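# Summary of structural features
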Amino acid sequence: MRRTWFYALLSMAVVAAFVLTACGPAETPVAEEPVEEPTEAPAEEPTEEPAEEPTEEPTEEPAAEPKIVTMTFFEEPDSLNTMYSGMWFAGLAIDIFNPGLWYFDDNLEPSLEMAAEFPTADNGLISEDGTTITVPLREEAQWSDGEPVTADDFIFTYEMILDPANTVQSTWPYDEYVESVEASDDHTLVLNFTEPFAPWATTIFQFVMPEHVLRPVFEEEGTLDNAAWNRTPEVVNGAFRVREWQSASHIIYEANDNYWRGRPVLDEIHILIVPDAEAQMAAIENGDTDIGIFLSYADVPVIEEMEDVELTTVLSGYNESWFFNLNTEENAADAGHPALQDVEVRQAIAYAVDFDAICEELLYGKTYPPSTKWEETPYDYPDANLYKYDPDMANQLLDEAGWVDSNDNGTRDKDGVELVLTYATTQGREVREQTQVIAQQYLQDVGIGIEIQNASYDVFWNSYGEGGPIATGQFDIAQWSDSPDFPDPNEDQWLCSEIPTEDEPEGNNWYGICDEELDEMVRAQAVEVDPNRRIELFHDIGRILTDNVYWLGVWHDNDLWTRNMRTQNIKISGADPFWNCFEWDVSE
Amino acid sequence: MTRYVVRRLLQAIPQLFIISVVLFVLANTMGDPLASFGGRRRIRSEDRARLRRRLGLDKPVMVQYVIWLVGNDWMQVDVDGDGVADQRGTRRGVLRGDFGTSFMEGRPVLEIIRERLGNTLLLMLTAEAVILIFSLAIGMYSALRQYSVLDYVFTTFSFVGYSMPIFWLALLLMYLFAVNFKRWGLPHFPTVGMYDLAKGKTVGQVLWHMALPVATISIMSIANYSRFVRSQMLEVINQDYIRTAHAKGLPKRMVVLEHALKNASLPLVTLVGLDLPLLVSGAVVTESIFAWPGMGRLFWDAAKDTDVPVLMGILLIISTLVVIFQIITDVAYTYLDPRIRYD
């Protein structure tokens, strides 16, 4: 009796497990495409007489193991349609199957995808006034279903981005700078801009949608918001096609035979979706993943102990930075501490904190304080003042500026105002919060008091109109990491016109900095089409930003990646990380 | 009885309405859903405003609630942001089975929940079976061999198991049986996922991958339930009718299983019964650590991203199940204990 009862329960458990497994969530397999013989050879292949096909003998040898690279994502993409996502991880997942005109390779040079030639003034594809750019498209490029990729696909993509019926992530820069997109023929795209727009190469058509698949959906539903292509893009133009995306579990890609370069080396790419960075670390350690992504500096010592894992640092354009609140009573935003209006005080702050030591201690010496926001790029100002740690200089500058400790309370003051600054950053990133504590001590040593006042991500980034603490000036020093339109250096956050007000709450110059010379340079670079002149302009911008300490680099925030040594040819780019997935390989 | 059930079901309507209002308001105070949209970069203010309008977040919370409840296909909405309502809405509302669309994934909430529910039930039902088998076995043994060496061992392990935080236990099991076992060259369990993608979703793969999550969920509950069974059994085996059964010459096995265990497990059945609706909600911590694609992880992700439609979908389903199971439990009492009458 006892055994019967026990076995009954056990059987129930096993049967339940089997039944539920069988009834598991339906995966979303992509409908098999009709197998078509490739009609054209890839253009880059020399056109040779086809070699005589060897007669295929039936072979008894077992089929070769498929070549697979596995990677882990600790944030799940929200969509596989670029138009609907601003997520960095979604961008990675999309790079694998949906290239636009070009990628930027590991040297940050254009690697042509749908474009046949990169437009420059020299080859005449950029008009003299810089407002018209012509892009010849690759004639051999085709969608995975065999349809050619044409200029009409790009025009359709442009229309869909701007159509208000689609809940797209961002309409920029198409709504502000693009006047029209035209096709002079099936394989020539003409972009007309309202004014010269310098960062066009990194912001325009980084993806393209198949018109022949999606226009019928748009016409039927009135929007692409619910299109199946957003999650399971069965018709693609990249090296791989999405075979299956199971939410919170994985994405599986398989080789696209119709890719314009020919079939990629790998058969499949697997993305494991894990809940957090710790789960990724366990997977790296266990060999369950070949590529580790967006690793934390705190993981460096553990990774360096791993035998089969190589750590790579990739320039991403991001820099962890300090921004100062120079808003005054005249601005709509809350004014910063009056001491910050004095450049000597800002310089003193820069000298007072040993950022090199912070990088050494908290970031294991894997990075360093950047000299400008364009560190490691040609736009970086080579003679920038690095403000190396010098507490004596900091004390001297503060004394000269009239900030002295007149009441012997350990904090400097002037005209009855104590030099106590509010220092804000986002909650939850440990290394930032540790930096705050260390910097607080350094600043206290020179008589500057610090009050830490952090906010969660969702509150911290709120706009001026939404009362965001940074946008409305509720800080003196704020810390976060940001990047220009990398690898393009464009930034407009230093423009006087970007200071948000009640009437114009959209501005993103949350620091209230209005420097006429800086303003002029930032405006000039945005319309400058001569690359060399643009570099000079950025050197000037870097000089103004660092001399005046409008901005201060805390650490150069390159991305950390790992790869298992069994993988080959993986060349991560900071702009388009998976640009060369077509040639990735694995050893036996 | 029928009148009672109907009355309880009618009472459940305002109950669920109040619960939904409270949950909706709380979910909307958790943060800004747009915070996760920009990824590593700030979203342009113009885009934020457009997205807010498109997702309906520009309206007051109570208006959002009404739309969530009854939809907006009966009213005109402003699609292009020019201040003029120019198009009929498309939402049908929860009352007509439309739980809305996830802010993050842009897919219907019910579709997302349906995808995860099977995985969670697979994990939780297996864990529940393991819990029942082990807690009954351990509890009964400890009661029948009170103060034996094994009873002390079980008691000690029960207290240790019960006092361990589940996240710590999960990480401990992962690092021991997955990471370190592999390092030591021993057969090892996988760290994350539901199956090895290269091998496919076979029964063996799923069972292999669920071993550690099931162990994590089970250990704490076994510690708890086995103590409960032990104390219930100790109480029952000292009753007169058990002594009578022994005196009648019944075999010990029959006395224990037929008379003692049956009576001792009645409160356990009630306990398990009340746990059933919570099975649907999954195990937030365990699913998150082992990357099990279930409801617990969905809830955690939705909470992290302030994906209000998904959060509300999960919470409303759980609330409804709790209310329904309460009614079922109340009704079950009348069958278990004939003295109880509701009419």
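Everything below is about the structure printed above this text.
What comes next is a walk through the structure. (Residues numbered from 1 in each chain as written. Chains lettered and ligands numbered in written order. Predicted model: local features only at pLDDT ≥ 70, side-chain atom pairs only at ≥ 80, totals over all residues. Heavy atoms only, no water.)

### Quick look at the overall build of chain B
A tally of helices and strands in chain B yields 13 helices and 2 strands. Here the C-alpha atoms of chain B give a radius of gyration of 25 Å, more than 25% beyond the 20 Å that 2.2 N^0.38 yields for 343 residues. Taken along the three principal axes of its C-alpha coordinates, chain B extends 90 × 65 × 35 Å. Looking at chain B residue by residue over its 343 residues, the buried ones come to 48%. For chain B, the proportion of contacts with a sequence separation of at least 24, taken over those separated by at least 6, is 64%. Accessible surface computed for chain B: about 16,600 Å², of which carbon and sulfur atoms make up 66%. In chain B, which carries 36 positive and 27 negative side-chain charges, the distance between the mean positions of the two groups comes to 6 Å. (Helix = DSSP H or I, 4+ residues; strand = E, 2+ residues; numbered from the N terminus. Rg over C-alpha atoms; globule rule 2.2 N^0.38 Å. Buried < 20%, exposed > 50% of the residue type's maximum accessible area, 1.4 Å probe, protein only. Contact = heavy atoms within 4.5 Å. Areas by Shrake-Rupley, 256 points an atom, 1.4 Å probe, with all protein chains shown as cover. Lys, Arg positive; Asp, Glu negative; His and termini not counted. Charge placed at Lys NZ, Arg CZ, Asp CG, Glu CD.)

### Considerations on helix α6 (residues 211–221) of chain A
Residues and elements named next belong to chain A. The complete set of buried residues in α6 reads Glu 211, Val 213, Leu 214 and Phe 218. Down the axis of α6, the buried set is contained in an arc of 155 degrees. They therefore lie on one face. Exposed residues pointing more than 90 degrees away from the buried face of α6 are listed as Glu 219 and Glu 220. Phi turns positive one or two residues past the end of α6, at Gly 222, with a value near 80 degrees. (Arc of directions from axis to C-beta.)

### Brief notes about the state of the cysteines
All names here are of chain A. Counted according to the given criterion, the structure contains 1 disulfide over all chains. Across the disulfide from Cys 496 sits Cys 514; the S-S distance is 2.1 Å. Disulfide Cys 496-Cys 514: torsion about the S-S bond near 100 degrees, hence right-handed. Of the two residues, Cys 496 sits in the loop between β17 (477–482) and α14 (516–527) while Cys 514 sits in the loop between β17 and α14, which places them 18 residues apart along the sequence. (Disulfide = S-S within 2.5 Å.)

### A word on the sheet that holds strand β6 (residues 188–193) of chain A
All names here are of chain A. Read across the open sheet, the 3 strands follow the order β4-β6-β5; overall the sheet is antiparallel. Every other strand in the sheet has two partners, leaving β4 (132–136) and β5 (178–185) as the edge strands with one partner each. Taking the axes of each pair of neighbouring strands and ignoring which way they run, one obtains an average angle of 20 degrees across the sheet. Here β4 pairs with β6 via 5 bridges, running antiparallel. (Pairing = 2+ DSSP bridges. Axes fitted to C-alpha atoms, helices over the stretch in contact; angles between N-to-C directions.)

### Brief notes about the packing of helix α9 (residues 343–352) of chain A against helix α11 (residues 391–400) of chain A
Relative orientation and spacing of two packed helices are given, respectively, by the angle between their axes and the distance between those axes. Residues and elements named next belong to chain A. Orientation of α9 relative to α11, taken along the N-to-C sense of each, is 160 degrees, at an axis distance of 8 Å. In terms of axis orientation, α9 runs roughly antiparallel to α11. Judged by the twist between their axes, the crossing of α9 over α11 is left-handed. In contact with Glu 344, Val 345, Gln 347, Ala 348, Tyr 351 and Ala 352 of α9, α11 contributes Pro 391, Met 393, Ala 394, Leu 397, Leu 398 and Glu 400. (Parallel < 35°, antiparallel > 145°, perpendicular 65-115°, else oblique. Left-handed = near helix turned anticlockwise from the far one by under 90°.)

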